[in-house]
Amino acid sequence: MAEQKLLEINELTKEYVRNTVTFSAVKNVNLSVKRGEFISIIGRSGSGKSTLLNMTAGLLRPSSGFINFEGVDIAFFNDEEASHFRNTKIGFIPQGRSLLSHLTVLENITLPCYLAVQKNNAEDITAKALSFMEETGITHLAASLPKELSGGEIKRVTIARALINSPALLIADEPTGDLDTATTADIMRLFKRIAEAGTAIIMVTHEQDTVQYGNKVYVMDAGNLTLQG
Ligand SMILES: Nc1ncnc2c1ncn2[C@@H]1O[C@H](COP(=O)(O)OP(=O)(O)OP(=O)(O)O)[C@@H](O)[C@H]1O
Ligand SMILES: [Mg+2]
């Protein structure tokens, strides 16, 4: 199981236009991820990390190249196919804020379950949400609204929400950016356990301390991705 290939990215490129000049934010990237593999991506601000993650999550269409996930090319899915793919296969922790402001913490975390139309009943979903909330240390915030939370608490809600559907792939864009050292270590141990249970993880990080939890480190430099070491 651990050796089974999950994701295969080939010659992936994303071009943007800024001030009438076209440039490649991601350039001919190749990346292969197995089930249960935990990879980290580091690199300077503006080097293309989020652009790569957003394409992998089916949120952004590539200019060219292939993203093969479980044998299916997802790169040019239409919007409906891309949403279904995300809701059923991917846990996504975006870099920016993404909670729905009118829903409580518990409602935000359980929402992906209802979107994925899984067979679980509401009680099972709530129990699962509470267990991830305990692991991320936010149980006491269940009934709070996002505007009542700190930056690090919001990040932890986003992490619990990304894990609730037991995704095949967790895509995490700086998941510990707003967290202190002790909470960061708790989250990294949680990620490591999840990877050992079979979920692949692609994590962008600025913190050198967090890469030790993964299996491989890649460096993004001006749109080019290379294996470190
Ligand atoms: N929609 C867009 N249109 C034009 N340029 C964009 C767009 N989105 C991102 N860019 C540019 O593409 C490059 C890569 O951006 P990206 O967000 O992928 O970087 P990043 O490596 O995630 O940076 P950071 O570490 O600061 O989050 C940057 O130069 C950015 O300004
Ligand atoms: Mg980014």
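Residues numbered from 1 in each chain as written. Chains lettered and ligands numbered in written order. Predicted model: local features only at pLDDT ≥ 70, side-chain atom pairs only at ≥ 80, totals over all residues.

With that out of the way, let us pick up the packing of helix 3 (residues 105-115) against helix 4 (residues 122-135). The geometry of a pair of packed helices is captured by two quantities: the angle between their axes and the separation between those axes. Running from N to C, helix 3 and helix 4 cross one another at 125°; their axes reach a closest spacing of 10 Å. In this view, helix 3 runs oblique relative to helix 4, as classed from their interaxial angle. As helix 3 packs across helix 4, the resulting crossing turns out to be right-handed. Contacts from Leu106, Ile109, Thr110 and Cys113 in helix 3 reach Ile125, Thr126, Ala129, Phe132 and Met133 in helix 4. Classifying every residue of the contact of helix 3 with helix 4 by side-chain character gives 7 nonpolar, 2 polar and no charged. (Axes fitted to C-alpha atoms, helices over the stretch in contact; angles between N-to-C directions. Helix = DSSP H or I, 4+ residues; strand = E, 2+ residues; numbered from the N terminus. Parallel < 35°, antiparallel > 145°, perpendicular 65-115°, else oblique. Left-handed = near helix turned anticlockwise from the far one by under 90°. Contact = placed C-beta atoms within 7 Å. Nonpolar A, V, L, I, M, F, W, Y, C, P; charged D, E, K, R; others polar.)

A few words now on the sheet that holds strand 10 (residues 224-227). In space, the 6 strands of this open sheet follow the order 6-7-8-3-9-10, with mixed pairing throughout. Looking at which strands have only one partner, the edges of the open sheet turn out to be strand 6 (90-93) and strand 10. Shown here is a sheet whose adjacent strand axes are inclined to one another by a mean of 20°, direction ignored. Alignment of strand 3 (residues 38-43) against strand 9 (residues 216-221), held across 5 bridges, turns out to be parallel. (Pairing = 2+ DSSP bridges.)

Moving on to the packing of helix 3 against helix 5 (residues 151-163). Contact geometry for helix 3 and helix 5: axes closest at 7 Å, N-to-C directions at 30°. Classified by the angle their axes make, helix 3 and helix 5 are roughly parallel. Once helix 3 is placed against helix 5, the crossing between them reads as right-handed. For the pair helix 3 and helix 5, the contacting residues are Val105, Asn108, Ile109 and Pro112 in the first and Val157, Ala160 and Arg161 in the second. Taken together, the residues of the contact of helix 3 with helix 5 break down into 5 nonpolar, 1 polar and 1 charged.

Another aspect to go through is unusual backbone geometry. Phi is positive for Glu11, which is not a glycine, with a value near 50°. Counting through the fold element by element, Glu11 comes out in strand 1 (residues 5-18).

With respect to burial, helix 1 (residues 49-56) is a largely interior element, 8 of its 8 residues being buried. For helix 1, every residue scored as buried is listed here: Lys49, Ser50, Thr51, Leu52, Leu53, Asn54, Met55 and Thr56. Phi turns positive, to about 75°, at Gly58, one or two residues after helix 1. (Buried ≥ 20, exposed ≤ 12 C-beta atoms within 10 Å, placed from the backbone.)

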